[in-house]
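Here is how the chains run, residue by residue.
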Number of protein chains: 2
Amino acid sequence: MSTPVQTLLPKVIDTAAFPAKPVQMEGVKDALIREVITGADGAPNFAMRIFDVAPGGHTPRHSHNYEHEIYVLAGAGEMHTAEGPRTFKAGDAIYVPANAEHQFRTVGGETLRFICLIPIAQNCAR
Amino acid sequence: MSTPVQTLLPKVIDTAAFPAKPVQMEGVKDALIREVITGADGAPNFAMRIFDVAPGGHTPRHSHNYEHEIYVLAGAGEMHTAEGPRTFKAGDAIYVPANAEHQFRTVGGETLRFICLIPIAQNCAR
């Protein structure tokens, strides 16, 4: 007899009610993270996190051996790249390839909110 | 001499200006897709697509051997699951595990817009 495979049900996550934690990395200023889909949900490939960066805040200037896939939900910002700054706004997607230097800073008075997906085996915010 | 590794630069994508294509799958009604980050960008692990489902429209009722990670940008909907419907709204994230039956229908008069990420090797909208 074969063992039946347990199929999990789809799950809806209210991100507005999801607990936010301060990002503790060196080089971060005034950023919160919500880890809304992770390995704990059974996700095998990638993790979905939502970041809130308060006006004047930023993420660290760094690079790492895995990519980011980002969607900007609110606010506006400037991305540091090895070839100079790039501006971005709500509704933009951003692809950060592995090993590319990057940093996100807020522009204007609104909180910058973005989704950032990474391979499940990585978590640069821990 | 070692060969230098080419590091690509981060890339900002204006999704509002990104071309949308009708989703051609059987069982789909009134849905558009924007494939904003794919293997063509060098993305090694996952693809980011944005779907617009017009009021009264829906995605196919199906299952497949890979997961979806979804973030709802606008509108509201009802998700079919093997254990009945689940409602969702803008600001919700949805995790659909591999092999879980699912379908998304609009609720209300607003276009349902969501981001849907899948492993790069898969593309259920083709």
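Everything discussed here concerns the structure shown above.
Read on for a plain summary of the structure. (Residues numbered from 1 in each chain as written. Chains lettered and ligands numbered in written order. Predicted model: local features only at pLDDT ≥ 70, side-chain atom pairs only at ≥ 80, totals over all residues. Heavy atoms only, no water.)

With respect to the pairing of strand β6 (residues 76–80) of chain B
The side chains of a regular strand alternate, first on one face of the sheet and then on the other.
Residue and element names in this part refer to chain B.
Moving on, step 1. Bridge count between β6 and strand β7 (residues 86–89): four bridges; the pairing is antiparallel. Paired with E78 across the strands is T87, a residue of β7.
Moving on, step 2. The hairpin turn running from β6 into β7, its antiparallel successor, is five residues long, and G84 in that turn takes a positive phi close to 105°.
Moving on, step 3. Of the pairings in the sheet, the one linking β6 to strand β9 (residues 103–106) comprises four bridges and is antiparallel in character. Residue pairing across strands places E78 opposite R105, the latter belonging to β9. (Pairing = 2+ DSSP bridges. Helix = DSSP H or I, 4+ residues; strand = E, 2+ residues; numbered from the N terminus.)

Notes on the environment of P119(B)
Moving on, step 1. In this structure, P119(B) sits in strand β10 (residues 112–119).
Moving on, step 2. With a relative accessible area of 11%, P119(B) lands in the buried category.
Moving on, step 3. In the structure, P119(B) is positioned 52 residues away from E67(B) in sequence and 7.6 Å away in space, judged by C-alpha atoms.
Moving on, step 4. Residues within four places of P119(B) in sequence aside, it is in contact with N45(A), F46(A), N45(B), F46(B), Y66(B) and E67(B). (Buried < 20%, exposed > 50% of the residue type's maximum accessible area, 1.4 Å probe, protein only. Contact = heavy atoms within 4.5 Å.)

Things to note about the nonpolar core
Moving on, step 1. With 24 residues, the main nonpolar core has M48(A) and M48(B) as its most contacted residues.
Moving on, step 2. In this structure M48(A) touches R34(A), E35(A), V36(A), I37(A), I115(A), C116(A), L117(A), E69(B), I70(B), Y71(B), A93(B) and L117(B), once residues within four positions along its chain are discounted.
Moving on, step 3. V23(B), F51(B), I70(B) and C116(B) belong to the second largest nonpolar core, which has 20 residues in total. (Core = buried A, V, L, I, M, F, W, Y, C linked by side-chain atoms within 4.5 Å.)

Regarding the relation of the copies chain A and chain B
Moving on, step 1. Mapping chain A onto chain B calls for a screw motion: a turn of 180° about the axis and a shift of 0.0 Å along it, with 0.0 Å RMSD after fitting. What we have between these two chains is a two-fold relation.
Moving on, step 2. A share of 100% of interface residues in chain A that are also interface residues in chain B marks the association as one of identical surfaces. (Least-squares fit on C-alpha atoms with pLDDT ≥ 70 in both.)

Structural notes on the interface of chain A and chain B
Moving on, step 1. At the junction of the two partners, chain A supplies 50 residues and chain B supplies 50 residues.
Moving on, step 2. For the chain A and chain B pair, buried surface summed over both sides reaches about 3,700 Å², with 68% attributable to carbon and sulfur atoms.
Moving on, step 3. If you sort the residues of chain A by the area they bury against chain B, P10(A), F46(A) and Y95(A) come out on top, with a joint share of 20%.
Moving on, step 4. Linking chain A to chain B there are two salt bridges.
Moving on, step 5. Across the pair K89(B) and D14(A) runs a salt bridge whose closest N-O atoms are separated by 3.8 Å.
Moving on, step 6. Breaking the side of chain A that touches chain B down by element, the ones donating at least two residues are β1 (11–14), β3 (29–37), β4 (46–58), β5 (68–74), β7 (86–89), β8 (92–96) and β10 (112–119) of chain A.
Moving on, step 7. Broken down by element, the residue count for the side of chain A that touches chain B peaks at five residues, all from β8(A).
Moving on, step 8. Class assignment of the residues belonging to the side of chain A that touches chain B gives a composition of 31 nonpolar, nine polar and ten charged.
Moving on, step 9. Relative to strand β1 (residues 11–14) of chain B, β8(A) is paired through four bridges, and the arrangement is antiparallel. By the bridge assignment, A93(A) is partnered in β1(B) with I13(B). (Buried area = accessible area lost by both parts, 1.4 Å probe. Salt bridge = Lys/Arg side-chain N within 4 Å of Asp/Glu carboxyl O. Nonpolar A, V, L, I, M, F, W, Y, C, P; charged D, E, K, R; others polar.)

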